[in-house]
Amino acid sequence: MEYSGVAAYDDATFFNEYLTRRNRVESPNNMIEKPIMLELMSDVKGKTVLDLGCGDAQFGVELLQKGCIQYDGVEGSENMVKEATKNLNETKGNVYLSSMEAWDFPKEHYDLVVSRLALHYIADLKSIFMEIHKSLASNGKFIFSVQHPVLTSSIKSAAASATKTDWIVDDYFYSGKRVEPWIDKKVVKYHRTVEEYFQLLKLAGFKINDIREGKPKVEKFSSESEYQRRMRIPLFLIFSCDK
């Protein structure tokens, strides 16, 4: 059975295993990707924020603590929305149960749109980028991360073993659907090259200010061997864009 989009997260076993992995202090999301996202976002005080594919909204809690005045999370998984609602309790944050494709993007409303490791689940990214551009206020920012195209190009290494020390890159220039073995499930993702992400952003009207590939920082790691392992394979591709 293949799980498309957020469907896998509504499988109870997958959901619980994912949260355990995702919220580890030393998960690569927390050690590598999140610090770069926060750096690129800079000061969020006084800003309105839309978080696409917000998951459990722990990131939204952090942004509210940093002073954003409005946080709207959009999430397609019922399990994730329940978790996000608990986490946002007693804050000014909101979470909405909706896919990105079905979300009614308000026009020129947000100062910042963010998305963390969710857009590689979207088949029609061109339309989503155009909707995001529409929803940003003048001089608004769009900052997002996806799995690095080195990872999404081929599932050969993903199928081989859980702990990776190298990666097979194959079919790189064949964009489109991939079915990846992940947490004992088959999950549908969409591979795009770095160039394709860049061109889709330009087509939607964005100015690309920065691109990061998540180079690990040794001071973030308590284990030298884990740091050295993470230096071998790029996990993330992160863009910072202006309207």
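The coordinates are above.
So, here is what we can say about the structure in this document. (Residues numbered from 1 in each chain as written. Predicted model: local features only at pLDDT ≥ 70, side-chain atom pairs only at ≥ 80, totals over all residues. Heavy atoms only, no water.)

**Considerations on the overall build of the protein chain**
Thought 1: A tally of helices and strands in the protein chain yields nine helices and ten strands.
Thought 2: In terms of C-alpha radius of gyration, the protein chain reaches 17 Å, essentially the compact-globule figure of 18 Å for 243 residues.
Thought 3: The C-alpha extent of the protein chain, read off along each of the three principal axes, is 45 × 40 × 40 Å.
Thought 4: Each of the 243 residues in the protein chain was classed as buried or not, and the buried ones make up 51%.
Thought 5: The contacts of the protein chain with a sequence gap of at least 6 include a subset with a gap of at least 24, amounting to 65%.
Thought 6: Within the structure as shown, the protein chain displays about 11900 Å² of accessible surface, and the carbon and sulfur contribution to it stands at 48%. (Helix = DSSP H or I, 4+ residues; strand = E, 2+ residues; numbered from the N terminus. Rg over C-alpha atoms; globule rule 2.2 N^0.38 Å. Buried < 20%, exposed > 50% of the residue type's maximum accessible area, 1.4 Å probe, protein only. Contact = heavy atoms within 4.5 Å. Areas by Shrake-Rupley, 256 points an atom, 1.4 Å probe, with all protein chains shown as cover.)

**Here's the deal with the nonpolar core**
Thought 1: Grouped together as the largest cluster of nonpolar side chains are 34 residues, with contacts concentrated most on Met-41, Leu-63 and Tyr-71.
Thought 2: For this core, the secondary-structure elements that each account for two or more residues are helix H2 (28-41), helix H3 (58-65), helix H4 (78-87), strand E5 (110-116), helix H6 (149-152) and strand E10 (236-242).
Thought 3: In contact with Leu-63, other than residues within four places in its own chain, are Leu-38, Met-41, Val-44, Val-49, Cys-68 and Tyr-71. (Core = buried A, V, L, I, M, F, W, Y, C linked by side-chain atoms within 4.5 Å.)

**What to know about the pairing of strand E3 (residues 70-75)**
Thought 1: With five of six residues buried, E3 is to be regarded as a mostly interior element.
Thought 2: Two strands pair when backbone bridges link them, and strand E2 (residues 48-52) and E3 are joined in this way by five bridges, in the parallel orientation. What sits directly across from Asp-51, in E3, is Gly-73.
Thought 3: Handedness of the crossover joining E2 and E3 through H3 is recorded here as right-handed.
Thought 4: With four bridges connecting them, E3 and strand E4 (residues 94-97) associate as parallel partners. Residue pairing in the sheet places Gly-73 in a bridge with Val-95 of E4. (Pairing = 2+ DSSP bridges. Right-handed = clockwise from strand over helix to strand, strands pointing away.)

**With respect to the layout of surface pockets**
Thought 1: Roughly 160 Å³ of internal volume is contained in the second largest pocket.
Thought 2: Considering the residues around the second largest pocket, the lining is formed by Met-31, Ile-32, Pro-35, Ile-36, Glu-39, Arg-212, Glu-213, Gly-214, Lys-215, Pro-216, Lys-217 and Lys-220.
Thought 3: Across the lining of the second largest pocket, the residue classes break down as five nonpolar, one polar and six charged. (1 Å grid on protein atoms, 1.4 Å probe; cavity = no way out; pocket = protein on both sides within 12 Å on 5 of 7 lines; lining within 4 Å. Points joined across faces, edges and corners; volume = space filled by probe spheres on them. Nonpolar A, V, L, I, M, F, W, Y, C, P; charged D, E, K, R; others polar.)

**Describing the sheet that holds strand E9 (residues 207-212)**
Thought 1: Pairing is mixed in the open sheet, where seven strands are placed in the order E4-E3-E2-E5-E6-E10-E9. If you trace the sheet from one side to the other, it starts and ends with E4 and E9, each paired once. Across the sheet, the mean angle separating the axes of adjacent strands is 15° when strand polarity is ignored. (Axes fitted to C-alpha atoms, helices over the stretch in contact; angles between N-to-C directions.)

**So, the side chain of Arg-116**
Thought 1: Tracing the backbone shows Arg-116 in strand E5.
Thought 2: According to the relative accessible area criterion, Arg-116 is buried, its value standing at 12%.
Thought 3: A polar atom in the side chain of Arg-116 sits 2.4 Å from the side chain of Glu-33. (Polar contact = N/O pair within 3.5 Å; in protein donor to acceptor, adjacent residues only side chain to side chain.)

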